[in-house]
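The residues making up each chain are set out below.
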Amino acid sequence: MFDIERWKEIMSTLKQNKLRSFLTAFGVFWGIFMLIVMAGMGKGFETGVRSGMGGFATNSVFMWTQRTAKPYGGFRRGRNWNFENDDVTLIRKNIKGVKIVAPRLFAGWGSGENTVRGDKSANFNLKGDYPEWIEINPMELLKGRWLNNMDIRERRKVCVLGVKVYEQMFAMGENPIGQYLRVDGIYYQVVGVIEPLTQMNMQGRAEESIFLPFSTMQVVYNYGDAVFVIGAIAEDNVSAAHIQEEIKTMIKKRHKIAPDDEQAVAGFSLEKEFQQISNLFLGIRILTWIVGIGTLLAGVIGVSNIMLVIVKARTKEIGVMRAIGATPRKVIGQILLESAFLTTLAGYLGMFSGMLLLGLINNQLMKAVESGAEGVFLKNPEINFTVAISCLMVLIISGIFAGMIPARKAVSIKPIDALRAE
Amino acid sequence: MISIKGVHKSYQTGQNSLHVLKGIDLEIQQGEFVSIMGSSGSGKSTLLNILGILDNYDAGEYHLDNTLIQNMSEKKAARYRNDTLGFVFQSFNLISFKNAIENVALPLYYQGVKRKKRNAMALEYLAKFGLQDHGEHLPNQLSGGQKQRVAIARAIISKPKVILADEPTGALDTTSSYEVMEILKKINQEGITIIVVTHEHDIAEMTDKVIKLRDGIIEDIVINKKN
């Protein structure tokens, strides 16, 4: 195989038949090109979406209340109700497998321009949070600090700003820490600025929100001991769906809601969403490989087919070769090597071009992101080394495979029949 | 050199069996210059193919250089063809995308001779036939006579003991035909056995011995005294 004479022989044969060689190679080129580009784009899409979810705790559940759907315990259906502070305390105390539980309040939707500072005013979402919330929904602190337990305990009038709030209410480069913002008529001292690490949003975008201590918000907005949303994270080896069920059961009992009322406690589990998204990507990946390998297979079959035609066209040449002393092995070797060489070369070029295209796309994406484009759901479209190498291996093997039938056909021709063929 | 005893050969064409050679006995000594003559269908090409180990025979015995040639593996047959035999064809059978030197050098390639050496040898053999200026030419840039001379150079480069020529002048004009026969005669004088299949009397006359085939049997053997 590493006989230099043989390679020279192959090169001269291929060079003498340029169009034929090119056509043979193109099918494989296209197959591997498509495979690489599709696999890379699929991967990029996945990376993009996953980084959009950026560390949002995947075993988390969120619950909120809705009107009851069934009469129970002396109450009629359609009753309005709320979670209470005690619910949170009891969940923390009684439900096993809950790692973190945090309540949330919110306000500010459609209430006009609720935030004022000097001559600037705007409308933002308001959220009342516990310090633990940052573990459910990861955020990066750009300035200052996040809410802490002292804020909760002392009902401090402090706030943490989403980065867009800071940009709108403060001049460029101004230090917001210690400054005051008037929100719905009350002054809060700014203690921090955050940027969300994810694009998963609840009750409005985090970068356009003002975060207040939960207890402060409950008092200021006269919410009593109502809790709007309960967020929880399960322990590492506990399913989020499981704790969600337990919490629901407990709460329904406490609030005299029919155990089979599916409407009263609404919930949303990221675990499920994650599973769905994972399945979606698995599907995309499988599809990519099926289509890609199909295309590649078509290319390889094309090579085999063209090699078969070539063998037919070269019947006489093969006959001459054998008449002047070529052994069947030489003939088989020659055809196999030609086929494998063409396939591999074409495949390598296809792989290279595919990667080049992915690189170009990536480059453009980076530029777009740098210049501030939002909602780019494609990140680092690329293909890893293992995939590339296994592609190459598949190519070489399929090249040899493609040559097998034509080579067998070539030696099955008797020299005398080969010579007679005009 | 060549000894054939009672060789039969039939071809199967669908349901019909065509009995082409019906018991051939033939002895050819080393250094002979022999022609096989016969009308088309007399079995002369079939006989030559059997002699060239290009085809099998059904019954009888064929000894080439004291070796029994029978049911040979393709590998072994290829070696004999390469070492002992040289072929010249009516339609030259040069490989169209290889130039004259590469065509002539091909048998040496199968023997594993290095490219430089075999190309040098090929050029030497081409020069012998006055083709040293045509080494780089492709077959379609050569005349019929030149092509046949290239083919003869290819046949003798592996220093065979026997040259088998199937209608070597069939596609050539008279002048080229005589040139080719002259070359064959010269090669024969170097001690190589030559067997020519032809249906032209003037070509057969130039050989030492004419074997006349008719309907699959040897009808007559004529010795040409004047040569």
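Anything mentioned here points back to the structure above.
Residues numbered from 1 in each chain as written. Chains lettered and ligands numbered in written order. Predicted model: local features only at pLDDT ≥ 70, side-chain atom pairs only at ≥ 80, totals over all residues. Heavy atoms only, no water.

What follows concerns the overall build of chain B. From N to C terminus, chain B includes 7 helices and 10 strands. When the 227 residues of chain B are sorted by exposure, 55% land in the buried category. Considering only intrachain contacts with a sequence separation of at least 6, the fraction spanning at least 24 residues in chain B is 69%. Entry remark: accessible area of chain B is about 9,900 Å², with carbon and sulfur atoms responsible for 47%. (Helix = DSSP H or I, 4+ residues; strand = E, 2+ residues; numbered from the N terminus. Buried < 20%, exposed > 50% of the residue type's maximum accessible area, 1.4 Å probe, protein only. Contact = heavy atoms within 4.5 Å. Areas by Shrake-Rupley, 256 points an atom, 1.4 Å probe, with all protein chains shown as cover.)

Attention now moves to the interface of chain B and chain A. Listed per partner, the contact involves 26 residues of chain B and 27 residues of chain A. There are 1 salt bridge connecting chain B and chain A. The salt bridge involving Glu74 of chain B is made with Arg322 of chain A; its shortest N-O contact spans 2.6 Å. At the boundary of chain B and chain A, one finds 3 residue pairs in polar contact (both at pLDDT 80 or more). (Salt bridge = Lys/Arg side-chain N within 4 Å of Asp/Glu carboxyl O. Polar contact = N/O pair within 3.5 Å; in protein donor to acceptor, adjacent residues only side chain to side chain.)

What follows covers helix α12 (residues 385–412) of chain A. All names here are of chain A. Given a rise of 1.5 Å per residue, 28 residues ought to cover 40 Å, and the 41 Å separating the end C-alpha atoms of α12 matches this to within 8%. Of all the bends in α12, the greatest reaches close to 30° and is centred on Met404; the proline Pro406 follows between one and four positions later. Within the span of α12, buried status applies to Val387, Ala388, Cys391, Leu392, Leu395, Ser398, Gly399, Ala402, Gly403, Pro406, Ala407 and Ala410. (Expected span 1.5 Å × (residues − 1). Bend = angle between axes of the 7 residues up to and from the residue.)

Core analysis: the biggest nonpolar cluster contains 77 residues, and Ile2, Ile4, Leu47, Tyr62 and Ile195 of chain B have the highest contact counts within it. The residues touching Ile2 of chain B, leaving out its near neighbours within four places in the chain, are Leu26, Glu27, Ile28, Leu51, Tyr62, His63, Leu64, Val162 and Ile195 of chain B. Listed in part, the 67 residues of the second largest apolar core include Ile100, Trp133, Tyr166 and Leu181 of chain A. (Core = buried A, V, L, I, M, F, W, Y, C linked by side-chain atoms within 4.5 Å.)

All names here are of chain B. Interaxial distance between helix α3 (residues 100–111) and helix α5 (residues 144–156) falls to 7 Å at its minimum, and their mutual angle equals 30°. Judged by the inter-axis angle, α3 sits roughly parallel to α5. Relative to α5, α3 is oriented so that their crossing is right-handed. Only Val150, Ala153 and Arg154 of α5 make contact with α3, whose side of the interface consists of Ala100, Asn103, Val104 and Pro107. Among the residues forming the contact of α3 with α5, the class breakdown is 5 nonpolar, 1 polar and 1 charged. (Axes fitted to C-alpha atoms, helices over the stretch in contact; angles between N-to-C directions. Parallel < 35°, antiparallel > 145°, perpendicular 65-115°, else oblique. Left-handed = near helix turned anticlockwise from the far one by under 90°. Nonpolar A, V, L, I, M, F, W, Y, C, P; charged D, E, K, R; others polar.)

All names here are of chain B. Pairing is mixed in the open sheet, where 6 strands are placed in the order β6-β7-β8-β3-β9-β10. Whereas interior strands pair on both sides, the edge strands pair on one side only; in this sheet they are β6 (85–88) and β10 (217–223). Strand after strand, the sheet turns through a mean of 20° between neighbouring axes, direction not considered. (Pairing = 2+ DSSP bridges.)

Below, the discussion takes up unusual backbone geometry. Residues and elements named next belong to chain B. Even without glycine at this site, Asp65 takes up a positive phi of about 55°. For Asp65, the position within the fold is in the loop between β4 (59–64) and β5 (67–68). On the basis of relative accessibility, which here comes to 26%, the residue Asp65 falls in the partly exposed class. Despite not being glycine, Asp215 has its phi angle at roughly 50°, a positive value. Along the polypeptide, Asp215 turns up in the loop between β9 (209–214) and β10.

Residue and element names in this part refer to chain B. One can describe the packing of α5 onto helix α6 (residues 174–189) by two numbers: an axis separation of 10 Å at closest approach and a directional angle of 15°. Considering the angle they form, α5 stands roughly parallel to α6. Handedness of the α5/α6 crossing: right-handed. Listed contacts from α6 to Gly145, Gln148, Arg149, Ile152 and Ile156 of α5 are Ser176, Glu179, Val180, Ile183, Leu184 and Ile187. Classifying every residue of the contact of α5 with α6 gives 6 nonpolar, 3 polar and 2 charged.

Turning next to the packing of aromatic side chains. Applying the stated criterion across every chain, the model contains 17 aromatic pairs over all chains. Three or more aromatic residues link up through ring pairs in this structure, and these residues are Phe22, Phe26, Phe29, Trp30 and Phe33 of chain A. The ring of Phe75 of chain A carries the charged tip of Arg79 of chain A above its face, separated from the ring centre by 4.1 Å. Against the face of Tyr109 of chain B rests Lys330 of chain A, its NZ or CZ located 5.1 Å from the ring centre. (Phe/Tyr/Trp six-rings, centres within 6.5 Å; stacked < 30°, edge-to-face > 60°. Lys NZ or Arg CZ within 6 Å of the ring centre and 35° of its normal.)

Residues and elements named next belong to chain B. Summed over all chains, the structure comprises 20 salt bridges over all chains. Between Arg81 and Glu74 there is a salt bridge; the shortest N-O distance is 3.2 Å. For Arg81, a relative accessible area of 1% corresponds to the buried category. Classification of Glu74 by relative accessible area gives partly exposed; the value is 30%. Note that Arg79 is salt-bridged to Asp83, the shortest N-O span being 3.8 Å. With Arg79 and Asp83 both in helix α2 (residues 74–83), this residue pair falls 4 residues apart, about one helical turn.

Residues and elements named next belong to chain B. As summarised here, the arrangement of the 4 strands in space is β2-β1-β4-β5, forming an open sheet in which the pairing is antiparallel. Here the strands that pair on one side only, and so sit at the sheet edges, are β2 (16–28) and β5. Bridging between strand β1 (residues 2–13) and β4 involves 5 bridges; their strand directions are antiparallel. What sits directly across from Ile4, in β4, is Tyr62. Packing of helix α1 (residues 44–51) onto the sheet brings it into contact with β1, β2 and β4, and relative to β1 it is tilted by some 120°.

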